[in-house]
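Residues per chain, in single letters:
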2 protein chains.
Amino acid sequence: MTRYEQLAQQVREQIQSGVWRAGDKLPSLRESGKRAGLSLMTVVQAYQLLESQGWIVARPQSGYYVAAHAQPLPQVVRSEKLLLSEQVDINTFIFDVLQACKDPEIVPFGSAFPDATLFMQPKLARALSGVARKFTPHNSLANLPPGNEALRRHIAQRYVLSGIQVVPDEIVITAGAMESLNLSLQAVTQPGDYVAIESPAFYGALQALERLRLKAVAIATHPQDGIDLDSLQQALEQYPIRACWLMTNFQNPQGATMPQKNKQRLVSLLHERQISLIEDDVYGELYFAADRPLPAKALDSDGQILHCSSFSKCLAPGFRVGWVAAGRYAPQIQRLQLLSTVSTSVPMQMAIADYLLHGGYDTHLRRLRRLLALRQSVMSQAIAHYFPPTVKVSQPVGGYFLWLELRPEQSAMVLYQRALAEGVSIAPGRMFTTSNHFDHCFRLNASFDWSDKHETAIKTLARLIRELEPVV
Amino acid sequence: MTRYEQLAQQVREQIQSGVWRAGDKLPSLRESGKRAGLSLMTVVQAYQLLESQGWIVARPQSGYYVAAHAQPLPQVVRSEKLLLSEQVDINTFIFDVLQACKDPEIVPFGSAFPDATLFMQPKLARALSGVARKFTPHNSLANLPPGNEALRRHIAQRYVLSGIQVVPDEIVITAGAMESLNLSLQAVTQPGDYVAIESPAFYGALQALERLRLKAVAIATHPQDGIDLDSLQQALEQYPIRACWLMTNFQNPQGATMPQKNKQRLVSLLHERQISLIEDDVYGELYFAADRPLPAKALDSDGQILHCSSFSKCLAPGFRVGWVAAGRYAPQIQRLQLLSTVSTSVPMQMAIADYLLHGGYDTHLRRLRRLLALRQSVMSQAIAHYFPPTVKVSQPVGGYFLWLELRPEQSAMVLYQRALAEGVSIAPGRMFTTSNHFDHCFRLNASFDWSDKHETAIKTLARLIRELEPVV
């Protein structure tokens with residue numbers, strides 16, 4: 001290949017890979033030449049070649065532009081990416097399930113994210129606008145770990161108003177609950193330690209344990225009352241467990257909420273043994289009853305409970321602002337954070353703090369809870385109407401997930417694959433465990449504004465469930 | 001204690017811990033009673049007690065407010081926190097050094113952050129404002145890993161315009177360079193693997209290796225040319241090294257930039273052995289010469305170089321937006337990110353993308369480079385003027401750090417402690433190594449707008465250096 005052909009090929013590849021898109025102005029001849037160390041004549045030849053091939057067009061007095069019809073190469077098609085064999089790594093599988101929910105052609109019942117339309121909030125936009133006006137780089141230092149002071153005070157006030165004794169000094173602001181959970185786990189364990197988790201559990205917990213080389217002790221967990229405390233007690237006697245990671249309210253994926261007396265027994269069991277509790281309470285604000293179910297943190301007497309939550313599920317998805325009320329571990333978590341992620345995005349911390357200050361949060365939450373309760377009930381009714389009566393469905397009193405059990409001999413993995421081929425995603429039980437105990441289960445996201453599309457998707461699932469042959 | 005005394009004590013503790021501040025309205029009598037399960041009379045007695053003690057005041061028709069003079073308990077005083085004994089954990093020490101830089105009373109020569117006044121940018125504020133207007137929760141899904149598409153294209157274009165072949169598809173947007181570095185390390189190693197790093201190195205690298213249970217092989221690194229390639233080659237022959245983590249340009253803490261021929265040899269050495277290079281290039285845009293020194297990534301032929309950078313040092317401190325051009329590891333990094341931190345803050349990604357689209361970035365960068373070069377030269381002159389001639393000072397051609405060497409028998413740790421007592425912070429060599437090789441070295445931040453305060457601080461350091469007795 002000559003030099004000008006090489007240059008033409010480079011530019012063509014840049015267009016195909018999306019660096020330059022139709023209508024973009026290309027670098028000038030002089031600039032291109034200087035950069036590539038080529039003569040002006042060589043660049044002219046390269047651009048003329050590209051023009052003759054239809055990739056770019058010259059505009060007099062202006063330069064070269066990418067032609068309107070020049071298209072990037074097609075992406076890998078979806079069906080290829082999602083074909084699952086038993087050999088595929090579970091993390092890759094989870095990733096693919098979540099990715100499929102980004103596709104607008106797919107009904108995202110398998111999604112972990114609440115329906116975006118629930119969060120249209122002009123007041124939050126105004127808070128962000130206000131921050132844009134007053135943000136200066138000087139704010140950055142003041143918002144380093146433990147994070148924005150006003151925000152930590154607001155969060156502490158909300159705890160106190162719910163009857164939970166938490167002071168601003170034990171709160172650390174994080175990039176969403178995922179960071180608070182990860183930092184908490186690092187603060188209370190060493191690699192090789194045993195950690196008790198629910199079975200089934202949020203896949204993020206399984207991932208985090210694996211990343212930190214911790215040993216998971218999976219405890220049976222029921223769709224109604226949550227973790228089985230007799231099993232937990234047995235495990236505590238059997239293994240040198242250093243920490244528990246639990247969702248006490250509206251557990252993901254099953255939707256269980258531990259009764260108050262269970263929370264008391266849980267806290268006693270752990271307190272006696274000086275075991276830390278990492279309490280993931282991200283759905284705690286999404287209750288359907290009159291009052292918020294108190295987290296175990298309300299019963300914390302010695303700072304061993306690390307209560308993790310965020311604004312991602314109830315106010316501002318995508319802002320990535322969460323926190324941990326970390327008890328005695330707060331100083332350690334600040335240290336871990338500063339040396340690993342530096343800080344939570346400063347404008348985001350300030351925007352949420354402003355929003356909380358100017359009110360409207362509780363009004364928003366009341367509306368959100370009402371809508372979620374309504375939407376869950378609509379989806380439950382559709383399921384009751386169309387699904388075979390052998391399918392068991394959970395009835396959570398908060399959050400936005402339904403947990404469904406097929407007959408034990410039916411495979412939710414097969415259902416997942418067939419449903420996806422028909423444009424419906426579900427979250428199969430396999431995502432939430434390292435065992436095969438939940439291969440006949442799946443989770444549905446119930447947060448959507450119901451429409452014909454959703455009704456049709458439920459009918460599709462119903463038909464596919466009836467067609468499922470028993471697993472041999 | 002009676003019930004009302006208990007309640008009064010709770011509220012008093014809330015005021016002392018900063019949940020409620022002077023002027024804040026307390027919850028109403030009815031609300032408080034309901035929450036605490038107490039009669040209205042008990043609450044009235046508690047509030048009257050607090051009023052008689054001067055903690056709160058009643059305002060007719062309105063309720064109870066925290067009294068103007070009610071003060072939170074004093075914080076732990078600084079000097080206690082910073083007293084360092086040899087027993088103190090190095091991470092705690094690094095944290096304390098960084099924390100001290102938040103104190104407005106201290107001249108923050110030990111700070112890792114560039115001077116905030118360098119980043120006063122109305123155009124960035126306008127971009128953020130624009131995002132506030134058009135942000136909807138629907139943007140969240142579209143900005144999940146690999147991140148905002150427009151932002152990834154802009155970044156790819158900047159690579160291409162610098163003569164580096166990078167396509168949008170290999171770029172993953174992260175929460176600052178720290179996340180891109182951490183994800184890169186996870187993508188290319190398994191716990192127990194050997195990783196070659198510089199000595200001295202950015203403390204974030206040491207932390208990350210420790211967290212991921214990797215074995216560090218520290219390679220001698222010079223203040224002028226960077227990592228010693230003969231030593232690296234020897235190490236590669238001696239240990240089964242899986243990855244290198246290096247800063248090829250304006251290395252932190254020494255300020256070294258590898259000459260182009262060294263970068264070529266580095267890439268060859270690693271390429272022959274199929275070893276991944278994690279290239280931390282966060283200071284790459286801050287060059288003082290005419291052209292940007294090319295990163296090793298420019299020589300990448302097989303996608304084994306993961307080039308990590310961010311906008312934190314050159315555009316938007318506190319936004320926490322960075323990226324990695326991850327070559328063949330891009331899909332894996334997306335997966336790791338989605339399952340660990342979910343995504344980078346969406347409004348922040350959109351704001352930076354808008355800013356880059358509307359221009360002005362290169363003008364800003366030119367001004368920033370000019371100012372940093374000027375400020376470094378002013379600080380260097382002050383040092384040359386006041387410091388004993390035995391102190392060696394680096395002369396980096398970019399970035400904003402100076403690296404100083406005392407006589408080998410002088411302790412930078414002792415200097416650190418004495419300087420801090422006089423209101424000046426430095427970053428002692430001990431922060432950047434697990435050895436004691438740099439106990440006579442320290443790093444200064446040269447990014448500040450010079451003033452009498454800084455001149456005085458340099459004089460203070462000069463005096464303290466002269467007073468340093470030899471270490472026995």
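Along every chain, residues carry numbers that run from 1 in the direction the sequence is written. Chains and ligands are labelled sequentially in the order written, the chains with letters from A and the ligands with numbers from 1. Confidence filtering applies because this is a predicted model: local features only for residues at pLDDT of at least 70, side-chain atom pairs given and counted only at 80 or more, and all residues used for totals across whole chains, interfaces and linings. Excluded from the side-chain calculation are hydrogens and water; included are all heavy atoms of the structure.

The name an unreviewed UniProt entry gives chain A is GntR family transcriptional regulator, with Chania multitudinisentens RB-25 as the organism. UniProt positions are given in the numbering used here, feature names are shortened, and annotations may be inferred rather than shown by experiment. For chain A, the Sequence similarities (unreviewed entry) comment in UniProt is given as "In the C-terminal section; belongs to the class-I pyridoxal-phosphate-dependent aminotransferase family."

A.B. asks: Just checking my understanding: could you explain the overall build of chain A for this structure?
C.D. replies: Strands are runs of DSSP state E lasting at least two residues, helices are runs of H or I lasting at least four, and both sets are numbered from the N terminus onward. The helix and strand tally for chain A stands at 17 helices and 14 strands. Reported as C-alpha extents along the three principal axes, the dimensions of chain A are approximately 80 × 60 × 45 Å. Only protein chains enter the calculation, and the probe is 1.4 Å; a residue is then buried if its accessible area is under 20% of its type maximum, exposed if over 50%, and partly exposed in between. Per-residue burial over chain A gives 60% buried out of 472 residues. A gap of 7 Å separates the mean positions of the 46 positive and 42 negative side-chain charges of chain A. In this charge count, Lys and Arg are treated as positive and Asp and Glu as negative; neither His nor the chain ends contribute. Charge positions come from single atoms, namely NZ of Lys, CZ of Arg, CG of Asp or CD of Glu.

A.B. asks: Which parts of the structure should I look at to understand the sheet that holds strand E13 (residues 427-428) of chain B?
C.D. replies: Hydrogen bonds along the backbone pair up the strands of a sheet, which may run parallel or antiparallel. All names here are of chain B. Two strands pair if DSSP finds at least two bridges between them. Strand order across the open sheet formed by four strands is E11-E12-E14-E13, with antiparallel pairing between neighbours. The two strands at the open ends of the sheet, each matched to only one other strand, are strand E11 (392-393) and E13. Relative to strand E12 (residues 401-405), E11 runs antiparallel, the two sharing two bridges. Bridging across to E12, Lys392 finds its partner in Glu405.

A.B. asks: What exactly am I supposed to notice about the interface of chain A and chain B here?
C.D. replies: Accessible area lost upon the coming together of the parts serves often as the stated size of an interface. The interface is formed by 77 residues belonging to chain A together with 77 residues belonging to chain B. The term buried area means the drop in 1.4 Å probe accessible area that two parts suffer when joined, counted for both and summed. Taken together, both faces of the contact between chain A and chain B bury some 6,700 Å²; the carbon and sulfur share is 64%. Whenever Lys or Arg places a side-chain nitrogen within 4 Å of a carboxyl oxygen from Asp or Glu, that contact is recorded as a salt bridge. Inspection of the region where chain A meets chain B yields four salt bridges. With its nearest N and O atoms 3.4 Å apart, the salt bridge here joins Asp24(A) to Arg153(B). Tallied by class, residues from the side of chain A that touches chain B come to 37 nonpolar, 28 polar and 12 charged. By definition, residues are in contact when any of their heavy atoms lie within 4.5 Å. Each residue is assigned to one of three groups, with Ala, Val, Leu, Ile, Met, Phe, Trp, Tyr, Cys and Pro labelled nonpolar, Asp, Glu, Lys and Arg labelled charged, and all others, Gly among them, labelled polar.

A.B. asks: Looking at this model, I keep getting lost on the sheet that holds strand E13 (residues 427-428) of chain A. Mind explaining?
C.D. replies: Residue and element names in this part refer to chain A. Taking strand neighbours across the sheet as the criterion, the four strands line up as E11-E12-E14-E13 in an open arrangement whose pairing is antiparallel. Of all the strands in the sheet, just strand E11 (392-393) and E13 have a single pairing partner and so form its edges. The strands touched by helix H15 (residues 361-386) within the sheet are E11, strand E12 (401-405) and strand E14 (441-445), with E12 carrying the most contacts at an inclination of about 20°. Axis definition: a line fit to C-alpha positions, over the contact stretch in the case of helices; interaxial angles, taken between N-to-C directions, run 0 to 180 degrees.

A.B. asks: Could you clarify how one ought to interpret helix H10 (residues 203-211) of chain A in this entry?
C.D. replies: Think of an α-helix as 3.6 residues a turn; residues three or four steps apart then line up on the same face. All names here are of chain A. The element H10 is extensively covered by neighbouring structure, given that eight of its nine residues are classed as buried. By the burial criterion, the buried members of H10 are Tyr203, Gly204, Ala205, Leu206, Gln207, Ala208, Leu209 and Arg211. One or two residues past the end of H10 sits Arg213, with phi positive at roughly 55°.

A.B. asks: Even after reading the chapter, I still don't get the nonpolar core, so can you show me in this structure?
C.D. replies: The term nonpolar core refers to a set of buried residues drawn from Ala, Val, Leu, Ile, Met, Phe, Trp, Tyr and Cys, joined through side-chain atoms within 4.5 Å. Within the largest apolar cluster, 277 residues are counted, with the highest numbers of intra-cluster contacts made by Phe387(A) and Phe387(B). In terms of residues, this core owes the most to one element, helix H15 (residues 361-386) of chain B, which gives nine residues. Non-local contacts of Phe387(B), meaning those with residues more than four positions away in its chain, are made with Ala382(B), Leu404(B), Phe442(B), Ile458(B), Leu461(B), Ala462(B), Ile465(B) and Arg466(B).

A.B. asks: Looking at this structure, how should I read the relation of the copies chain A and chain B?
C.D. replies: Note on the chain copies: they are related by a rotation about an axis and a translation along it. Fitting of the copies onto one another was done by least squares over C-alpha atoms, counting residues only where both copies have pLDDT of at least 70. Least-squares fitting of chain A to chain B yields an RMSD of 0.1 Å, with the transformation described by 0.0 Å of translation along the axis and a rotation of 180°. On the angle and the small slide along the axis, the relation comes out as a two-fold axis. Considering only C-alpha atoms, the part of chain A nearest the rotation axis is Ser129(A), at 2.5 Å. A share of 100% of interface residues in chain A that are also interface residues in chain B marks the association as one of identical surfaces.

A.B. asks: Sorry if this is basic, but what is going on with the environment of Pro388(B) here?
C.D. replies: Residue and element names in this part refer to chain B. Considering the arrangement of structural elements, one finds Pro388 in the loop between H15 and E11. For Pro388, a relative accessible area of 10% translates into the label buried. Other than its neighbours up to four places away in sequence, Pro388 contacts Ala462, Ile465 and Arg466.

A.B. asks: Please clarify how the domain arrangement of chain A should be interpreted in this entry.
C.D. replies: Residue and element names in this part refer to chain A. Structurally, chain A comprises domain 1 (3-66), domain 2 (78-118 + 366-467) and domain 3 (122-362). Of note, the centres of domain 2 and domain 3, computed from C-alpha atoms alone, are 26 Å apart. Each partner contributes to the roughly 2,300 Å² buried at the junction of domain 2 and domain 3, and carbon and sulfur atoms together form 61% of this total. Summed over the shared surface of domain 2 and domain 3, the number is one salt bridge. When the shortest N-O distance is used, the salt bridge between Arg369 and Glu285 registers 2.9 Å. Contacts described as polar in this section are N or O atom pairs within 3.5 Å, which, within protein, must combine one atom able to donate a hydrogen with one able to accept it, while residues neighboring in sequence count only if both atoms come from side chains. Counting across the domain 2 and domain 3 interface gives seven residue pairs in polar contact (both at pLDDT 80 or more). Per the annotation, domain bounds derive from an automatic or database assignment of domains.

A.B. asks: I'm lost on the packing of H15(B) against helix H17 (residues 452-467) of chain B in this one. Help?
C.D. replies: Relative placement of two packed helices is described by the angle separating their axes and the distance separating the axes. All names here are of chain B. Closest axis-to-axis distance for the H15/H17 pair is 10 Å, and the angle between their directions is 40°. Where H15 crosses over H17, the handedness of that crossing is right-handed. Across the interface between the two elements, Met379, Ala382, Ile383 and Tyr386 of H15 pack against Glu455, Ile458, Lys459, Ala462 and Arg466 of H17. When its residues are assigned to classes, the contact of H15 with H17 shows six nonpolar, no polar and three charged. Each crossing gets its hand from how the near helix is turned against the far one by less than a right angle, where anticlockwise is left-handed and clockwise is right-handed.

A.B. asks: Is there a simple way to think about the UniProt feature "domain: HTH gntR-type" (unreviewed entry) in chain A in this case?
C.D. replies: This chain's UniProt record puts "domain: HTH gntR-type" (unreviewed entry) on residues 1-69 of chain A. Span residues 1-69 of chain A is 51% helix and 12% strand, its end C-alpha atoms 26 Å apart.

A.B. asks: Honestly, the packing of aromatic side chains in this entry has me stumped. Any pointers?
C.D. replies: Aromatic rings considered in pairs are described by the distance between their centres and by the relative angle of their planes. Residue and element names in this part refer to chain A. In this analysis, rings of Phe, Tyr and Trp, with Trp reduced to its six-membered ring, are considered paired at centre separations within 6.5 Å, and the interplanar angle assigns stacked below 30 degrees, edge-to-face beyond 60, and tilted for intermediate values. Evaluation of the coordinates by the stated rule reveals 32 aromatic pairs over all chains. Centre to centre, the rings of Phe109 and Trp450 are 6.2 Å apart; their planes meet at 10°, and the pair counts as stacked. Of this pair, Phe109 sits in the loop between helix H5 (90-100) and helix H6 (122-134) while Trp450 sits in the loop between E14 and helix H17 (452-467), and the two are 341 residues apart along the sequence. On the basis of relative accessible area, Phe109 is assigned to the buried category, the value being 0%. Taking the relative accessible area as the measure of exposure, Trp450 reaches 22% and is therefore partly exposed. Plain terms: the ring middles of Tyr355 and Tyr361 are 6.0 Å apart, the flat faces sit at 75° to each other, and that makes the pair edge-to-face. An aromatic cluster of at least three residues, connected via ring pairs, comprises Phe202, Tyr203, Trp403, Phe432 and Phe438. Consider the ring centre and the ring normal. A charge sits over the ring if Lys NZ or Arg CZ is within 6 Å of that centre and within 35 degrees of that normal. The side chain of Arg443 reaches across the aromatic face of Phe401, ending 4.0 Å from its centre.

A.B. asks: What should I look at first to understand the side chain of Ser411(A) in this one?
C.D. replies: Residue and element names in this part refer to chain A. Locating Ser411 in the fold gives a position in the loop between E12 and helix H16 (412-421). In this structure Ser411 comes out as buried when scored by relative accessible area, which is 12%. Polar contacts involving the side chain of Ser411 include one to the main-chain amide nitrogen of Met413, which spans 3.1 Å.

A.B. asks: Can you help me understand the pairing of strand E2 (residues 63-66) of chain A in this one?
C.D. replies: Each regular strand shows side chains that alternate between the opposite faces of the sheet. With four bridges connecting them, strand E1 (residues 56-59) of chain A and E2(A) associate as antiparallel partners. Opposite Arg59(A), over in E2(A), you have Gly63(A) as the bridge partner.

A.B. asks: Explain helix H6 (residues 122-134) of chain B to me, please; I cannot follow it from the model alone.
C.D. replies: The terminal C-alpha atoms of H6(B), which comprises 13 residues, lie 19 Å apart, in line with the 18 Å expected from a rise of 1.5 Å per residue. When we look at burial in H6(B), the residues that qualify are Leu124(B), Ala127(B), Leu128(B), Ser129(B), Gly130(B), Val131(B) and Ala132(B). Summarising the contacts, the buried residues of H6(B) are in contact with H6 and helix H14 (346-357) of chain A together with helix H14 (346-357) of chain B. The length a helix should cover is 1.5 Å for every residue beyond the first.

A.B. asks: Looking at this structure, I do not really get the pattern of salt bridges. What am I missing?
C.D. replies: Two side chains of opposite charge can pair, provided their charged atoms sit close to one another. Scanning all chains against the criterion turns up 40 salt bridges over all chains. Close ionic contact of Glu285(B) with Arg158(B) constitutes a salt bridge, the shortest N to O distance being 3.3 Å. A residue pair is termed long-range when its members are at least 10 positions apart, and Glu285(B) in the loop between strand E8 (276-280) and strand E9 (305-310) and Arg158(B) in helix H8 (residues 149-161) qualify at 127 residues. Arg158(B) gets classed as partly exposed once you look at its relative accessible area, which sits at 23%. In this structure, Glu409(B) and Arg407(B) form a salt bridge, with 2.7 Å as the shortest nitrogen-oxygen distance. In this structure Arg407(B) comes out as partly exposed when scored by relative accessible area, which is 31%. When salt bridges with common partners are traced through the structure, they connect Arg158(A), Asp281(A), Glu285(A), Arg292(A), Asp362(A) and Arg369(A) into a single cluster.

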